[in-house]
Amino acid sequence: MKLEIQSLALLLMACAALPAQAVPLYQQRMEQAVPDREALEHAADLLQKHKDVEIRKKPVIQPFHKQAGELETAPATFCRDCHGPLPHSKQLRSRAFMNMHVRFIACETCHFRPQDAKLDYYWFDYQTGSTVDGAGLFRLGKDLDNEKQRPDNPKIAPFYQGQLAIALKDGDFSRGIAKQWENATPEQKIPLRAKIHWPLEKKGPECQACHSSEKPLLDLPALGANPEQTRAMQKHVIAQFFGRYQKDDQRITIRDMLR
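Residues numbered from 1 in each chain as written. Predicted model: local features only at pLDDT ≥ 70, side-chain atom pairs only at ≥ 80, totals over all residues. Heavy atoms only, no water.

Looking only at helices and strands, the protein has 10 helices and 4 strands in total. Ordered by position in the sequence, the α and β elements of the protein form the string α-α-α-α-α-β-β-β-β-α-α-α-α-α. Buried residues in the protein amount to 31% of all 259 residues. Considering only intrachain contacts with a sequence separation of at least 6, the fraction spanning at least 24 residues in the protein is 73%. (Helix = DSSP H or I, 4+ residues; strand = E, 2+ residues; numbered from the N terminus. Buried < 20%, exposed > 50% of the residue type's maximum accessible area, 1.4 Å probe, protein only. Contact = heavy atoms within 4.5 Å.)

This is the structure we're talking about:
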């Protein structure tokens, strides 16, 4: 009961403090960005190698596992202007687990972590544009029912000084960037891409940053997790597994994963 009251109090504080039409922190940092030579060269290299990815809804070989629901994970996010619905692809060992997180964690929660600004985290509903109570949004163990899919709209998102810290796809800023990109020459796209990504961390935090009881990035009880769910996430076997096996050449067995 105490945890529920605390979570509701934090939620009300966030709603009460949310200014109308305030400029998100990410937008401020992006507009002020001055990418260095290394960032510009990296952007140029990626743009040169870029190839559009086509997702086939009806593959030639049907998948072995049952696919539930639509593939889309975050249609209203600014990142989806360019990135696919399953953005993690490079790390073969962990990409499936990272892509699962997209359904309930905003991209910027992991990749927008300015060192000079204290961010808070709340459940944000992209459809209504408001924070929501997280009670019931965490589902683990006996509470997991594949016949009742959790809603995709609410995601844990970063807030700064009571306001949403990230840009939304349907906002004026995002539409302006999309239009600028559409009209840009290949040479003009290089600094634009570098500026967009300059405030972001290329690599997200390690699993233990959240799946740990020692100074976790996310305050799970405040976000609506009950004690059982909090313990399960802090001691999650998969997060512990990735903490032990980080090199690609390390041999892995099913027994090791369950250890």
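Turning to the sheet that holds strand 4 (residues 163-164), a few remarks are in order. The antiparallel open sheet is built from 4 strands, whose spatial order is 2-1-3-4. Unpaired on one side and paired on the other, strand 2 (130-131) and strand 4 mark the two borders of the sheet. Pairing analysis gives 6 bridges linking strand 1 (residues 120-125) to strand 3 (residues 154-160), with the strands arranged antiparallel. By the bridge assignment for strand 3, Tyr-122 is matched with Ala-157. (Pairing = 2+ DSSP bridges.)

By secondary structure assignment, the location of Ser-212 is in the loop between helix 7 (186-197) and helix 8 (227-234). Ser-212 sits in the buried class, given a relative accessible area of 14%.

Another point: the nonpolar core. Looking at soluble globular proteins, one finds that nonpolar side chains tend to be buried together. Of all hydrophobic cores here, the largest spans 24 residues; its most connected members are Tyr-26 and Phe-138. Listing elements by their share of this core, those giving two or more residues are helix 2 (25-32), strand 1, helix 6 (172-183) and helix 7. Residue contributions to this core peak at 3 residues, all from helix 2. (Core = buried A, V, L, I, M, F, W, Y, C linked by side-chain atoms within 4.5 Å.)

As a further point, take empty space enclosed by the protein. Here the idea is plain: a probe the size of a water molecule rolls over the atoms and shows the empty space left. As enumerated under the stated definition, the model contains 2 cavities of 30 Å³ or more in all. Space inside the second largest cavity adds up to approximately 40 Å³. Lining the second largest cavity, in full, are Thr-73, Ala-74, Thr-77, Cys-79, Arg-80, His-83, Gly-84, Pro-85, Pro-87, Val-102 and Cys-107. The residue makeup of the lining of the second largest cavity, split by class, is 6 nonpolar, 4 polar and 1 charged. (1 Å grid on protein atoms, 1.4 Å probe; cavity = no way out; pocket = protein on both sides within 12 Å on 5 of 7 lines; lining within 4 Å. Points joined across faces, edges and corners; volume = space filled by probe spheres on them. Nonpolar A, V, L, I, M, F, W, Y, C, P; charged D, E, K, R; others polar.)

What sets the pattern is the α-helix's 3.6 residues per turn: residues three or four places apart point alike. Within helix 2 the residues assigned to the buried category are Leu-25, Tyr-26, Gln-27 and Met-30. Tucked inside the fold, the buried residues of helix 2 contact strand 3, strand 4, helix 6 and helix 7.

Moving on, we come to unusual backbone geometry. Negative phi characterises most residues that are not glycine, and trans characterises most peptide bonds. Phi at Gln-161 is positive, roughly 50 degrees, even though this residue is not glycine. Inspection of the secondary structure puts Gln-161 in the loop between strand 3 and strand 4. Of note, Lys-215 is a non-glycine position whose phi angle comes to about 50 degrees, a positive value. By relative accessible area, Lys-215 is classed as exposed at 83%.

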